[in-house]
Amino acid sequence: AQSVTQLDSHVSVSEGTPVLLRCNYSSSYSPSLFWYVQHPNKGLQLLLKYTSAATLVKGINGFEAEFKKSETSFHLTKPSAHMSDAAEYFCVVSTGGGNKLTFGTGTQLKVEL
Amino acid sequence: NAGVTQTPKFQVLKTGQSMTLQCAQDMNHNSMYWYRQDPGMGLRLIYYSASEGTTDKGEVPNGYNVSRLNKREFSLRLESAAPSQTSVYFCASSEAYSRYLVEQFFGPGTRLTVL
């Protein structure tokens, strides 16, 4: 079975400061991991994905995530937050032969002036 | 290139009414999916279609049916709506049903309220 835990339901940062959104996963097999972003009243957009290549993955809009097998973590970071980053972020895991995704419960990121 | 489109955007139903949510993609993707999103629960898979002509149950299929009408279109039907089906419904598609071709592209969602 696979699961993903997002450790913070809400994160608040000031504009220009670093962002850290935490995600831990559980998987019986070597996982594929993703971060999706959802802006208010919009669909989900893929930020980045890990599929067993480089452990440090760079995504869109300056986000990156590091796959740490020993810690079963896939935390999302950005060096400097922008107001437009305010959104909900989902950590997602896929394992097995198919394409079934298991979503975390989401982290709401608030960016303040 | 519109990507994944969904209709309607909003819908209010009374308990027991039926309706069909429509989804279409123009990316020539083989696989399509229906999810529901509830507060504090992330997205949960209702049904998926790995390829044209096939459909399979996901995590929460009860109360729903699906039809893969052709390669482009994948509809979700509520035969007798219940208040527990109040949710935001997302359709998604991917190039194939494979963990190695796994990016799913999402539509804008349908916000459904059942009174």
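Attention here is on the structure that accompanies the text.

Rules of the game
Residues numbered from 1 in each chain as written. Chains lettered and ligands numbered in written order. Predicted model: local features only at pLDDT ≥ 70, side-chain atom pairs only at ≥ 80, totals over all residues. Heavy atoms only, no water. Helix = DSSP H or I, 4+ residues; strand = E, 2+ residues; numbered from the N terminus. Rg over C-alpha atoms; globule rule 2.2 N^0.38 Å. Contact = heavy atoms within 4.5 Å. Areas by Shrake-Rupley, 256 points an atom, 1.4 Å probe, with all protein chains shown as cover. Lys, Arg positive; Asp, Glu negative; His and termini not counted. Charge placed at Lys NZ, Arg CZ, Asp CG, Glu CD. Buried < 20%, exposed > 50% of the residue type's maximum accessible area, 1.4 Å probe, protein only. Pairing = 2+ DSSP bridges. Axes fitted to C-alpha atoms, helices over the stretch in contact; angles between N-to-C directions. Buried area = accessible area lost by both parts, 1.4 Å probe. Salt bridge = Lys/Arg side-chain N within 4 Å of Asp/Glu carboxyl O. Polar contact = N/O pair within 3.5 Å; in protein donor to acceptor, adjacent residues only side chain to side chain. Nonpolar A, V, L, I, M, F, W, Y, C, P; charged D, E, K, R; others polar. Core = buried A, V, L, I, M, F, W, Y, C linked by side-chain atoms within 4.5 Å.

**Examining the overall build of chain B**
- Scanning chain B for helices and strands turns up zero helices and 11 strands.
- Written out in order from the N terminus, the α and β elements of chain B read β-β-β-β-β-β-β-β-β-β-β.
- For 115 residues, the compact-globule estimate of 2.2 N^0.38 gives 13 Å, and chain B sits close to it at 13 Å.
- Overall, the C-alpha framework of chain B stretches about 40 × 25 × 25 Å when taken along its three principal axes.
- Pairs at least 24 apart in sequence give 57% of the contacts found in chain B among residues at least 6 apart.
- Carbon and sulfur atoms provide 50% of the accessible area of chain B, an area that totals close to 5300 Å².
- Across chain B, 11 positive and 9 negative side-chain charges occur, with their mean positions spaced 6 Å apart.

**Re the overall build of chain A**
- Each helix and strand in chain A was counted, giving zero helices and 12 strands.
- From first element to last, N terminus to C terminus, chain A shows the α and β order β-β-β-β-β-β-β-β-β-β-β-β.
- Taking 113 residues into account, the globule formula puts the C-alpha radius of gyration at 13 Å, and chain A, at 13 Å, falls close to it.
- Across its three principal directions, the C-alpha atoms of chain A cover 45 × 30 × 20 Å.
- Within chain A, buried positions represent 45% of all 113 residues.
- In chain A, the proportion of contacts linking residues at least 24 apart, taken out of those at least 6 apart, comes to 56%.
- Counting 9 positive and 8 negative side-chain charges, chain A places the averaged centre of each group 8 Å from the other.

**Some details on unusual backbone geometry**
- The omega angle of the peptide bond from T7 of chain B to P8 of chain B is -5°, so this bond is cis rather than trans.
- Unusually for a residue other than glycine, T72 of chain A sits at a positive phi of about 45°.
- Inspection of the secondary structure puts T72 of chain A in the loop between β8 (64–68) and β9 (73–78).
- For T72 of chain A, a relative accessible area of 32% puts it in the partly exposed group.

**Structural notes on the sheet that holds strand β1 (residues 4–7) of chain B**
All names here are of chain B.
- The antiparallel open sheet is built from four strands, whose spatial order is β1-β3-β8-β7. Whereas interior strands pair on both sides, the edge strands pair on one side only; in this sheet they are β1 and β7 (64–68). With strand direction ignored, the average angle separating the axes of adjacent strands in the sheet is 20°.
- Where β7 lies against strand β8 (residues 74–78), five bridges are found, and the strand directions are antiparallel. Bridging across to β8, S67 finds its partner in S75.

**Regarding the interface of chain A and chain B**
- Contacts between the two partners involve 24 residues from chain A, matched on the other side by 24 residues from chain B.
- When the buried area of chain A at its contact with chain B is split by residue, N99, K100 and F103 of chain A rank highest and sum to 30% of it.
- For the pair chain A and chain B, the interface holds zero salt bridges.
- Inspection of the chain A/chain B interface yields three residue pairs in polar contact (both at pLDDT 80 or more).
- Only β5 (32–38), β6 (44–50), β10 (87–94) and β11 (101–103) of chain A provide two or more residues apiece to the side of chain A that touches chain B.
- Looking at the side of chain A that touches chain B, the element that brings in the most residues is β5 of chain A, giving four residues.
- Residue classes in the side of chain A that touches chain B are distributed as eight nonpolar, 12 polar and four charged.

**A closer look at the nonpolar core**
- Of all hydrophobic cores here, the largest spans 26 residues; its most connected members are W35, L48, L76 and Y89 of chain A.
- At four residues, β10 of chain A tops the list of elements feeding residues into this core.
- Among the nonpolar cores identified, the runner-up in size contains 20 residues, and V60, F74, L78 and V114 of chain B belong to it.

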